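# Survey of secondary and tertiary structure
Chain by chain, the residues:
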Amino acid sequence: MARSWAELSVRVSNRHIEAVSNFLVEAGSPGIEVREGSANSEIVGYFAGMPPITALRRLLADLGARLDGIATRRVDEEAWGETWKRHCRPQTIGKRLYVCPSWEVERAPSGRIEIVIDPGMAFGTGDHPTTRACLLLAERAAARAPLRRVLDCGTGSGILAIGAARLGAREVWAVDPDPVARAAATENGEINGIGGRLRVVPSLDPVSGPFDLILANLFADLLAELAPRLRTLLARTGVMVCAGFVSADADRVEQQFAREGLHATQTITEGDWVTLELRRP
Ligand code: SAH
């Protein structure tokens with residue numbers, strides 16, 4: 001039976017697009033749609049459970065925005081998937097990567113490594129600044145030293161795990177508690193011909209280090225909670241990439257990892273999203 005999702009749409013003045021978009025993603029929407037108008041825009045998010053209306057009203061009140069532009073309706077999974085498809089576009093990332101949705105017919109520009117993704121209902125299309133930043137930092141890590149073992153914690157569609165394998169990693173572990181994400185990651189691994197190098201698991205329990213590269217595109221609180229465990233999984237000279245938080249939370253995440261002996265060596269900021277590369281001194 002098709003799952004049904006709650007669609008939450010909110011009309012706001014254009015100056016609040018970023019704050020409301022960030023809120024919807026942090027509240028769990030796997031993606032958002034912005035229907036931009038000249039002065040006001042409609043921002044739409046999707047939620048598997050109850051949409052976060054109370055918290056959204058609080059945010060709008062804090063922003064001094066109108067509270068009467070909120071609407072919800074239920075949509076079935078298939079309709080949602082089709083809407084979402086319109087928003088996935090092929091992208092070049094860094095010097096070597098090209099991410100394209102599975103229904104795209106254009107092939108990668110020559111010299112670029114293709115990552116083909118059918119996100120289905122899972123997060124991770126390459127559209128989000130954090131996904132792009134993680135891929136860019138993975139590409140840079142692979143340029144410095146060969147990647148042997150890579151961990152992708154919070155794999156979603158599998159996009160980062162597949163990127164790592166396509167950049168040469170021999171063994172990639174992909175963790176996600178969401179069965180929909182695990183199914184998508186497994187399928188995308190097959191589509192990209194790297195299934196044999198990919199292990200998709202529901203938690204970090206069966207995972208053991210050391211990893212040359214750990215990618216964790218999650219959210220601030222979870223990163224802080226997982227920092228000690230991720231540190232033990234990282235090779236002595238390994239690279240840790242963490243993302244999924246906004247600038248207001250960046251210091252907190254950085255300090256948490258610094259307590260684990262991992263220090264920021266690169267920071268990528270796009271919009272309000274911050275992605276950190278961390279290493280041991
Ligand atoms: N790696 C992808 C998707 C990131 S979305 C990208 O960069 O685009 C974050 C993913 O983390 C979601 O699929 C979510 O199900 C997963 N997640 C949530 N809690 C988690 C946990 N405790 N451990 C690992 N993954 C988790």
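Quick caveat, the model's predicted, so the values are computed rather than measured.

### Details of helix α5 (residues 159-166)
Burial analysis of α5 places seven of its eight residues in the buried class, the great majority of the element. Of all the positions in α5, only Ile159, Leu160, Ala161, Ile162, Gly163, Ala164 and Ala165 are classed as buried. Residue Gly168 follows α5 closely and has a positive phi angle near 115°.

### Considering the pairing of strand β6 (residues 97-101)
Where burial is concerned, most of β6 is hidden: five out of the five residues are buried. On β6, burial covers both faces: Leu97, Val99 and Pro101 on one face and Tyr98 and Cys100 on the other are all buried. Hairpin remark: strand β5 (residues 91-93) followed by β6, antiparallel, with three residues in the connecting loop; positive phi at Gly94, about 60°.

### Some details on the site of the ligand
What surrounds the ligand is a group of 16 residues, the closest being Thr131, Gly154, Asp176, Pro177 and Asn217. Between a nitrogen atom of the ligand and a main-chain N or O atom of Thr155, the distance comes to 3.4 Å. Within the side chain of Asn217, an N or O atom sits 2.8 Å from an oxygen atom of the ligand. Taking 580 Å² as the accessible area of the ligand by itself, protein coverage stands at 79%.

### Overview of the layout of surface pockets
Looking at the largest pocket, its volume works out to about 930 Å³. Lining the largest pocket are 39 residues, with Gly28, Phe123, Asp176, Asn217 and Phe219 positioned closest to its centre. The set of elements that each furnish at least two residues to the lining of the largest pocket consists of α1 (17-26), β3 (40-47), α4 (129-144), α5 and α7 (220-233). Residue composition of the lining of the largest pocket, grouped by class: 22 nonpolar, 13 polar and four charged. As a volume, the second largest pocket reaches approximately 480 Å³. Lining of the second largest pocket is provided by 24 residues; of these, Ile32, Val34, Asp127, His128 and Pro129 occupy positions nearest its centre. Listed by contribution, the elements that provide at least two residues to the lining of the second largest pocket are α1, β2 (32-36) and α4. It is α1 that provides the largest number of residues to the lining of the second largest pocket, a total of five residues.

### Thoughts on the sheet that holds strand β4 (residues 70-76)
Strand order across the open sheet formed by four strands is β2-β3-β1-β4, with antiparallel pairing between neighbours. Looking at which strands have only one partner, the edges of the open sheet turn out to be β2 and β4. Sheet twist, expressed as the average angle between the axes of neighbouring strands with direction ignored, equals 20°. Direction of pairing for β2 relative to β3: antiparallel, over a ladder of five bridges. Within the sheet, the bridge partner assigned to Glu33 lies in β3 and is Val44. Sitting on the sheet, helix α2 (residues 53-63) touches β1 (4-13) and β4, and the angle it makes with β1 is about 10°.

### Concerning the packing of α1 against α2
Contact geometry for α1 and α2: axes closest at 11 Å, N-to-C directions at 160°. Considered as vectors, α1 and α2 are oriented roughly antiparallel to each other. The hand of the α1/α2 crossing is right-handed. Contacts between α1 and α2 involve Ala19, Val20 and Phe23 from the first element and Ala55, Leu56, Leu59, Leu60 and Leu63 from the second. In terms of residue class, the contact of α1 with α2 is made up of eight nonpolar, no polar and no charged.

### Considerations on the packing of aromatic side chains
The full count for this structure, using the stated rule, is zero aromatic pairs. Its guanidinium or amino end placed over the ring of Phe211, Arg149 lies 4.3 Å from that ring's centre, counting from NZ or CZ.

### What about the sheet that holds β6?
On the basis of which strands lie adjacent, the open sheet formed by three strands has the order β5-β6-β7 and mixed pairing. Both outer strands of the open sheet, β5 and β7 (113-117), are each paired with one neighbouring strand and no more. Taking the axes of each pair of neighbouring strands and ignoring which way they run, one obtains an average angle of 25° across the sheet. Note: β5 against β6, three bridges, orientation antiparallel. Looking at β6, one finds that Thr92 is bridged to Tyr98. Relative to the sheet, α4 contacts β5, β6 and β7, its axis offset from that of β5 by approximately 40°. α5 rests against β6 and β7 of the sheet, and its axis sits at about 155° to β7.

Basis of the calculations
- Residues numbered from 1 in each chain as written.
- Predicted model: local features only at pLDDT ≥ 70, side-chain atom pairs only at ≥ 80, totals over all residues.
- Heavy atoms only, no water.
- Buried < 20%, exposed > 50% of the residue type's maximum accessible area, 1.4 Å probe, protein only.
- Helix = DSSP H or I, 4+ residues; strand = E, 2+ residues; numbered from the N terminus.
- Pairing = 2+ DSSP bridges.
- Near = heavy atom within 4 Å.
- Polar contact = N/O pair within 3.5 Å; in protein donor to acceptor, adjacent residues only side chain to side chain.
- Areas by Shrake-Rupley, 256 points an atom, 1.4 Å probe, with all protein chains shown as cover.
- 1 Å grid on protein atoms, 1.4 Å probe; cavity = no way out; pocket = protein on both sides within 12 Å on 5 of 7 lines; lining within 4 Å.
- Points joined across faces, edges and corners; volume = space filled by probe spheres on them.
- Nonpolar A, V, L, I, M, F, W, Y, C, P; charged D, E, K, R; others polar.
- Axes fitted to C-alpha atoms, helices over the stretch in contact; angles between N-to-C directions.
- Contact = heavy atoms within 4.5 Å.
- Parallel < 35°, antiparallel > 145°, perpendicular 65-115°, else oblique.
- Left-handed = near helix turned anticlockwise from the far one by under 90°.
- Phe/Tyr/Trp six-rings, centres within 6.5 Å; stacked < 30°, edge-to-face > 60°.
- Lys NZ or Arg CZ within 6 Å of the ring centre and 35° of its normal.

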